[in-house]
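# Breakdown of the fold
Next come the chains, spelled out residue by residue.
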Amino acid sequence: MSDFLTLGIETSCDDTGVALLQGERRILAELLSSQIRDHARFGGVVPEFAARKHLENLLPLVEAALREGGVSGRDLNLIAVTCGPGLMGSLIVGVQAARALSQAWDVPVLGVNHLEGHLFAPMVDSEDLKPPFLSLIVSGGHTEIVRVDALGSYELLGQTRDDAAGEAYDKAARILGLPYPGGPEIDRLAQDGNPDAFAFPVPLQHTKHVEFSFSGLKTALLWQVRRLEALGTEGGRLPLADLCASFQSAVTRALIAKVALAVRMTGIRSVTASGGVAANSALRRALTEGIEARRWRAWLPRVSRCTDNAVMIAMAGKSGWDRGLRSPEDLSPNPSLEIGG
């Protein structure tokens, strides 16, 4: 095991993550401060508030991670920090903190693409996972399929035209009067519902391109709710379990259809998924047990690492450093950073 120590810092949105990685995959510390409860009262992430919470949380987490790992800042070999995409204010906090720590400890900093970090999430616990593979990145801000031919060699095969899948879940939850974040709540209610109760459209299911669209599905849910309210429902309550199950089924079928298309197009039969929506129980079952899943082998991160975390950033940073990547001393965040072509 290499003694190379990487400190990973993740502040792209509303989760403050810090991790200490030894070598390529030995995790010495993994800490996360979630802001879900802080933003729930607003029904979504408030960027300025998220940045302030990062300011409060980041340095105490760094100190705690070093204590847990039994090392000092000067023992580090690399600081890997998310530099984009994400919320500008949140990214600035992480990048500026990493640069300050770099100067204080005389340790180099490497900016990491948050989306590349998600590509590494399934590899944290799966030493057998090697390129080439297809990665479904599916979260509140992103829905795309990336071809990974080698570490550092990525091709964007397709992405959403409008809403990301996680964003669609949150909007659907607001329509249904459910709390934020919407994805976990819809997933929970769907367990008791009938996925065939409502025939929601599966967007772009049969097109010949790797592409997604969820805004129309959200609108279909809205009109169905309005029809039910106009007709009157038993006890004045919406059939939430059936609505959630049917909506979730349509989202899952849309995602799986394009994973299957990408497998047919590329011939690559290793598939990964990451991002917050990769924690969804219906999607995980479809990727591992569904009819289409017979065409591939799925590699999924543990549920706790589907969402933003610093372990994936540290791992991606170490890999990039080994490949010769370096960041300028005046590293700046890029909230619109992309991956692949």
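Residues numbered from 1 in each chain as written. Predicted model: local features only at pLDDT ≥ 70, side-chain atom pairs only at ≥ 80, totals over all residues. Heavy atoms only, no water.

Mapping K258 onto the fold places it in helix α8 (residues 240–266). No salt bridge is formed by the buried K258. Its closest oppositely charged neighbour is E211, at 5.0 Å. (Helix = DSSP H or I, 4+ residues; strand = E, 2+ residues; numbered from the N terminus. Buried < 20%, exposed > 50% of the residue type's maximum accessible area, 1.4 Å probe, protein only. Lys, Arg positive; Asp, Glu negative; His and termini not counted. Salt bridge = Lys/Arg side-chain N within 4 Å of Asp/Glu carboxyl O.)

What follows concerns the nonpolar core. Of all hydrophobic cores here, the largest spans 52 residues; its most connected members are L136, F200, F214, F247 and W296. Contributions of two or more residues to this core are made by β6 (133–138), α5 (165–175), α6 (182–190), α7 (215–231), α8, β9 (270–274) and α9 (281–289). For this core, the element with the highest residue contribution is α8, accounting for 14 residues. (Core = buried A, V, L, I, M, F, W, Y, C linked by side-chain atoms within 4.5 Å.)

Ordered in space as β8-β7-β6-β9-β10, the five strands form an open sheet in which the pairing is mixed. The outermost strands of the open sheet, each flanked by one partner alone, are β8 (153–159) and β10 (297–299). Within this sheet the neighbouring strands show an average axis-to-axis angle of 25 degrees, counted without direction. Pairing geometry for β6 and strand β7 (residues 143–150), over six bridges, is antiparallel. If you follow V138 over to β7, its bridge partner there is T143. This element, α8, spans β6, β7, β8 and β9 of the sheet and lies at about 155 degrees to β6. (Pairing = 2+ DSSP bridges. Axes fitted to C-alpha atoms, helices over the stretch in contact; angles between N-to-C directions. Contact = heavy atoms within 4.5 Å.)

Another aspect to go through is the sheet that holds strand β3 (residues 26–34). On the basis of which strands lie adjacent, the open sheet formed by five strands has the order β3-β2-β1-β4-β5 and mixed pairing. Of all strands in the sheet, those bounded by a partner on one side alone are β3 and β5 (109–113). Taken pair by pair, the neighbouring strands of this sheet meet at an average axis angle of 20 degrees, ignoring direction. Relative to strand β4 (residues 78–84), strand β1 (residues 5–10) is paired through four bridges, and the arrangement is parallel. Residue L7 lies in a different strand from β4, and its bridge partner there is I79. Across the face of the sheet, helix α3 (residues 88–105) comes into contact with β1, β4 and β5 while running at roughly 160 degrees to β4.

Moving on, we come to the pairing of β9. Most of β9 is tucked away, with five of its five residues classed as buried. Where burial is concerned, the two faces of β9 agree: the one with S270, T272 and S274 and the one with V271 and A273 are both buried. The pairing of β6 with β9 spans four bridges and is classified as parallel. Across the sheet, residue L134 finds its bridge partner in β9, namely V271. In the sheet, β9 pairs with β10 via three bridges, with the strands oriented parallel. Bridge pairing links T272 to W299 in β10. Regarding the hand of the β-α-β motif, the stretch spanning β9, α9 and β10 is right-handed. (Right-handed = clockwise from strand over helix to strand, strands pointing away.)

Distances and angles like these do not, on their own, reveal function.
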